[in-house]
Amino acid sequence: MGQYAYLINKEKRISCESHKTSGGSESLTRIEETEKLGRFLEYCRENKLQIECVSEHWFQLNVNLEIEEPYTDFV
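This one's a predicted model, so the numbers in the text were calculated from it and none came from an experiment. (Residues numbered from 1 in each chain as written. Predicted model: local features only at pLDDT ≥ 70, side-chain atom pairs only at ≥ 80, totals over all residues. Heavy atoms only, no water.)

Peer 1: How would you explain the overall build of the chain if you had to name every residue and give the values?
Peer 2: On a plain count of helices and strands, the chain comes out with two helices and five strands. Shown N-terminal to C-terminal, the secondary structure of the chain runs as helices and strands in the order β-β-β-α-β-α-β. Dimensions of the chain, computed from the C-alpha atoms along their principal axes, are close to 40 × 30 × 15 Å. Across the 75 residues that make up the chain, the buried fraction comes to 31%. Excluding contacts between residues fewer than 6 apart, the proportion of contacts in the chain whose partners are at least 24 apart in sequence is 57%. About 5600 Å² of surface is accessible on the chain, with carbon and sulfur atoms providing 48% of the total. Charge separation in the chain, taken as the distance between the mean sites of 9 positive and 14 negative side-chain charges, equals 4 Å. (Helix = DSSP H or I, 4+ residues; strand = E, 2+ residues; numbered from the N terminus. Buried < 20%, exposed > 50% of the residue type's maximum accessible area, 1.4 Å probe, protein only. Contact = heavy atoms within 4.5 Å. Areas by Shrake-Rupley, 256 points an atom, 1.4 Å probe, with all protein chains shown as cover. Lys, Arg positive; Asp, Glu negative; His and termini not counted. Charge placed at Lys NZ, Arg CZ, Asp CG, Glu CD.)

Structure (structure tokens):
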């Protein structure tokens, strides 16, 4: 079973999958959508937006959808 990591910007409430780490006998890190990740990083750099790296579990613990807007996937 793997664990996903996301890059987020809290101000714009946008996110982008950063990578997936698989466990097992050999740890493997995989980046699925390199072009999308590159566009996200470039967008944040151009707009001087702060980026944080969070786990998939972070969204469950820190985002209350009853009072907050959800994070949208960067396109």
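Peer 1: Account for the packing of aromatic side chains, with residues named and values stated.
Peer 2: Aromatic rings considered in pairs are described by the distance between their centres and by the relative angle of their planes. On inspection of all chains with the given rule, the structure shows six aromatic pairs. Consider the rings of Phe40 and Phe74, whose centres lie 5.4 Å apart with planes at 80 degrees: the pair is edge-to-face. Taken together, the positions of Phe40 in helix H1 (residues 34-46) and Phe74 in the segment after strand E5 (72-73) put the pair 34 residues apart, joining distant regions of the chain. Of the residues examined, Phe74 reaches a relative accessible area of 12% and is grouped as buried. By the ring-pair criterion, three or more aromatic residues cluster together here, those being Tyr6, Trp58, Phe59 and Tyr71. (Phe/Tyr/Trp six-rings, centres within 6.5 Å; stacked < 30°, edge-to-face > 60°.)

Peer 1: Which residues make up the pattern of salt bridges, and what are the values?
Peer 2: Inspection of every chain in the model, using the stated rule, returns four salt bridges. A salt bridge links Asp73 to Lys36; the nearest nitrogen and oxygen atoms lie 2.5 Å apart. You can see Asp73 sitting in strand E5 and its partner Lys36 sitting in helix H1, a full 37 residues away along the chain. Overall, the relative accessible area of 11% leaves Lys36 in the buried class. (Salt bridge = Lys/Arg side-chain N within 4 Å of Asp/Glu carboxyl O.)

Peer 1: Give a detailed account of H1, specifying residues and quantitative values.
Peer 2: Each α-helix turn comprises 3.6 residues. Residues three or four places apart therefore point the same way. The first and last C-alpha atoms of H1 sit 18 Å apart over 13 residues, in line with the 18 Å expected at 1.5 Å per residue. Residues of H1 that are buried include every one of Lys36, Leu37, Phe40 and Cys44, and no others. Summarising the axial view, the buried residues of H1 lie within an arc of 100 degrees, below the 170-degree limit, and thus occupy one face. In H1, the exposed residues that point more than 90 degrees away from the buried face are Thr34, Glu35, Arg45 and Glu46. On its buried side, H1 packs onto strand E1 (2-9), strand E2 (14-22) and E5. Of the residues flanking the end of H1, it is Lys48, one or two places downstream, whose phi is positive at about 50 degrees. (Expected span 1.5 Å × (residues − 1). Arc of directions from axis to C-beta.)

Keep in mind these values describe shape, not function.
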